[in-house]
Amino acid sequence: MNPERVDAAPAWAALVHGVLARRQRALARAITAIENDAPGAADLVAALRPHGGRARIVGVTGPPGAGKSTLIDALVREWRARGRTVAVLAVDPSSPVSGGAILGDRVRMARHAGDPGVFVRSLASRGHLGGLVRAVAGVVHAMDAFGPDVIVLETVGAGQSEVEFADHAQVRLVLCPPGLGDDVQAMKAGVLEVADVLVVNKADDPRAGDTERQLASMLALRDPSAPAARIVSTVATTGEGVAALAEAIDAAPACDTRPGSGSGSGSGSGSGSDSGEARLRRRFADALAAGLREQVLSGANATLDAVLARVARGELRLDEAVEAALAALARAPAPPERARTHS
């Protein structure tokens, strides 16, 4: 990374310089701008994106109470003992009052507050399904440009629907605490199938052995062409098994999640068949849906408002209105192409 070579709008140039110079305050301000979709934030992300590519991006998900934050805290200690720098992006539930993040993760990781080699940031989920917020891709680009060795993405923990995290992580950890019982079988068609490492946390629980056996049986049913997933047992509160987990993360084949990085062939994936193009299409669909939702709610798009008015007058059903809106948007002129430069 070279902070002297920055392609950014003047409004963001100083902030980009600060991020590339590894100043935590600059990174925090950049993330706030991206999260709040500040005017020109897309240009900020575009300026930071070419400076990333070094960090190993680790996604962590699992049901509530699995011990995700405690395990991440233990992993951060292990990585720091090995001389690695770490950035953590924790997606927390939203406050029903302010809409901001309930900072449970930052409280648990407070011991790292004075460590310049650790950066922890919480984002509010704001009701976004899949456990990750819309801005997460841009925030990851900012963190990547900051230059840590490892970036950790922690999801809210809403259960088996949280497969969206797989599109942003190179290595995917799924925590499966003892006592899930039949829930392991219910989860196998969802988030467990994208896992690179299955973590039986709270392994001091007498039921941990049964959980390991259930997971091993589930793995036997996975696509044979998919890279093998490992099962690692940990006790995050004592640090037991954390070093072995860090080794498993290093050994897992990293899936390249960055847009424009190619098809992803040979990069490895928990699903075994997912391509870079497929991931990019899903992320584009998510961003498009979120953008359209904002335009409808704010009344910022006259075309969509005209269709909505026909629904209000009883001229269209909602399903017909969706088709009419998509058809109208398809006829709208595309924005002019902009040249992209890379440093």
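Quick caveat: nothing in here was measured; it's all calculated off a predicted structure. (Residues numbered from 1 in each chain as written. Predicted model: local features only at pLDDT ≥ 70, side-chain atom pairs only at ≥ 80, totals over all residues. Heavy atoms only, no water.)

**As for the overall build of the chain**
Applicable threshold: Strands here are runs of E lasting at least two residues and helices are runs of H or I lasting at least four, both read from the DSSP assignment and numbered beginning at the N terminus. The classification of residues rests on relative accessible area computed with a 1.4 Å probe and restricted to protein chains. Under 20% of the type maximum is buried, over 50% is exposed, and intermediate values are partly exposed. In this description, contact between two residues means that some pair of their heavy atoms is separated by no more than 4.5 Å. Here the Shrake-Rupley method, with its probe set to 1.4 Å, supplies the accessible areas, and only the displayed protein chains count as covering residues.
Looking only at helices and strands, the chain has twelve helices and seven strands in total. Scored against the burial criterion, the 343 residues of the chain give a buried share of 46%. Of the contacts formed within the chain by residues at least 6 apart in sequence, a portion of 73% connects residues at least 24 apart. In the structure as shown, the chain presents an accessible area of about 16,500 Å², 54% of it carried by carbon and sulfur atoms.

**A short note on helix H2 (residues 24-35)**
Inclusion rule: The span expected for a helix works out to 1.5 Å for each residue beyond the first.
Spanning twelve residues, H2 covers 16 Å between terminal C-alpha atoms, matching the ideal 16 Å at 1.5 Å per step. Taken as a whole, H2 has its buried residues at Ala 26, Leu 27, Ala 30, Ile 31, Ala 33, Ile 34 and Glu 35. At the C-terminal side of H2, Asp 37 shows a positive phi close to 50 degrees.

**Quick look at unusual backbone geometry**
At Asp 37, a residue that is not glycine, the phi angle is positive and equals roughly 50 degrees. Relative to the helices and strands, Asp 37 is located in the loop between H2 and helix H3 (41-48). We note that Lys 202 has phi near 60 degrees; this positive angle belongs to a residue other than glycine. Structurally, Lys 202 is set in the loop between strand E6 (197-200) and helix H8 (208-219).

**Considerations on the packing of aromatic side chains**
Rule in force here: Classification of ring pairs uses Phe, Tyr and Trp, with its six-membered ring standing for Trp, and accepts pairs whose centres are within 6.5 Å; under 30 degrees between planes counts as stacked, over 60 as edge-to-face, and the remaining range as tilted. Charge-over-ring contacts are defined here by two conditions on Lys NZ or Arg CZ: a distance within 6 Å of the ring centre and an angle within 35 degrees of the ring normal.
Scanning the entire structure with this criterion turns up one aromatic pair. On the basis of an interplanar angle of 50 degrees and a centroid distance of 6.2 Å, the ring pair of Phe 119 and Phe 146 is categorised as tilted. Of the two residues, Phe 119 is situated in strand E3 (residues 118-124) and Phe 146 in helix H6 (residues 136-146); the sequence distance between them amounts to 27 residues. No difference in accessibility class separates Phe 119 from Phe 146, as the two residues are buried. Directly above the aromatic system of Phe 146 lies the positively charged group of Arg 22, at a separation of 5.9 Å from the ring centroid.

**Here we look at H8**
Think of an α-helix as 3.6 residues a turn; residues three or four steps apart then line up on the same face. Note the following rule: Each C-beta atom gives one direction from the helix axis, and the arc is the one those directions make.
Between the first and last C-alpha of H8 there are 17 Å, a value that for twelve residues agrees with the 16 Å anticipated at 1.5 Å per step. Residues Ala 208, Thr 211, Leu 215, Met 218 and Leu 219 constitute the buried set of H8. Take H8 and look down its axis: the buried residues cluster within an arc of 95 degrees, on one side only.

**Examining the layout of surface pockets**
Note the threshold: The rule is simple: put a 1 Å grid over the protein atoms alone, call a set of points where a 1.4 Å probe fits but cannot get out a cavity, call an open set with protein on both sides within 12 Å along at least five of seven lines a pocket, and count a residue as lining if it has an atom within 4 Å of a point. Grid points are joined across faces, edges and corners, and a volume is the space filled by probe spheres set on the points. In this count, Pro and Cys sit with the nonpolar residues alongside Ala, Val, Leu, Ile, Met, Phe, Trp and Tyr, while Asp, Glu, Lys and Arg are called charged and the others, Gly among them, polar.
Considering only enclosed or pocket space, the second largest pocket measures out at about 380 Å³ in volume. For the second largest pocket, the lining is made up of 15 residues, of which Val 296, Leu 304, Ala 321, Val 322 and Ala 325 are closest to its centre. Counting residues per element, the lining of the second largest pocket draws most heavily on helix H12 (residues 318-331), which supplies six residues. Here the lining of the second largest pocket is composed, by residue class, of 13 nonpolar, no polar and two charged.

**Concerning the confidence of the model for the chain**
Test applied: Per-residue confidence from the predictor is reported as pLDDT, a score between 0 and 100.
Residues of the chain with pLDDT of at least 70 account for 71%, and the chain-wide mean is 78. Low pLDDT (under 50) marks residues 94-105, which in the prediction has 28 contacts with non-local residues, meaning those over four places away or in another chain. Considering only residues more than four positions removed or in separate chains, one finds that residues 259-274, a stretch of pLDDT under 50, has 39 contacts.

**Thoughts on the environment of Val 60**
Looking at the element boundaries, Val 60 is found in strand E1 (residues 56-61). According to the relative accessible area criterion, Val 60 is buried, its value standing at 1%. Sequence separation between Val 60 and Ala 90 is 30 residues; the distance between their C-alpha atoms is 9.4 Å.

**Quick notes on the pairing of strand E7 (residues 230-233)**
Which entries qualify depends on this criterion: For two strands to be treated as a pair, DSSP must find at least two bridges joining them. By convention, a crossover is right-handed whenever its connection, traced from the first strand over the helix to the second and viewed with the strands pointing away, goes clockwise.
For E6 and E7, the ladder comprises four bridges, and the chain directions are parallel. When the bridges of E7 are listed, Val 200 appears paired with Ser 233. Following the chain from E6 across H8 to the adjacent parallel E7, one finds a crossover that is right-handed.

**Side note on the environment of Thr 303**
Here Thr 303 is to be found in helix H11 (residues 302-312). C-alpha separation for the pair Thr 303 and Ala 328, spaced 25 residues apart in sequence, amounts to 7.1 Å.

**Here's the deal with the nonpolar core**
For clarity, the threshold we go by: By nonpolar core we mean a set of buried residues, namely Ala, Val, Leu, Ile, Met, Phe, Trp, Tyr and Cys, connected to one another through side-chain atoms within 4.5 Å.
Judged by nonpolar contacts, the single largest core of 31 residues is most densely connected at Val 19, Leu 44, Leu 89, Val 139 and Met 143. Counting only elements with at least two residues in this core, the list comes to helix H1 (10-20), H2, H3, strand E2 (86-92), E3, H6 and strand E4 (150-154). Top contributing element to this core by residue count: H6, with seven residues. For Leu 89, the residues in contact, after removing those within four places along its chain, are Arg 121, Leu 123, Val 136, Val 139, Val 140, Met 143, Val 152, Leu 153 and Glu 154. Core analysis: the next-biggest nonpolar cluster, separate from the first, contains 28 residues, Trp 79, Val 171, Val 232 and Ala 252 among them.

**Some words on the pairing of E1**
Across the six residues of E1, five count as buried, placing the element largely inside the fold. As defined by bridge partners, E1 adjoins E4 across five bridges and the pair is classed as parallel. Bridge assignment links Val 60 to a residue of E4, and that residue is Glu 154. As defined by bridge partners, E1 adjoins strand E5 (residues 171-175) across four bridges and the pair is classed as parallel. Residue pairing in the sheet places Val 58 in a bridge with Val 171 of E5.

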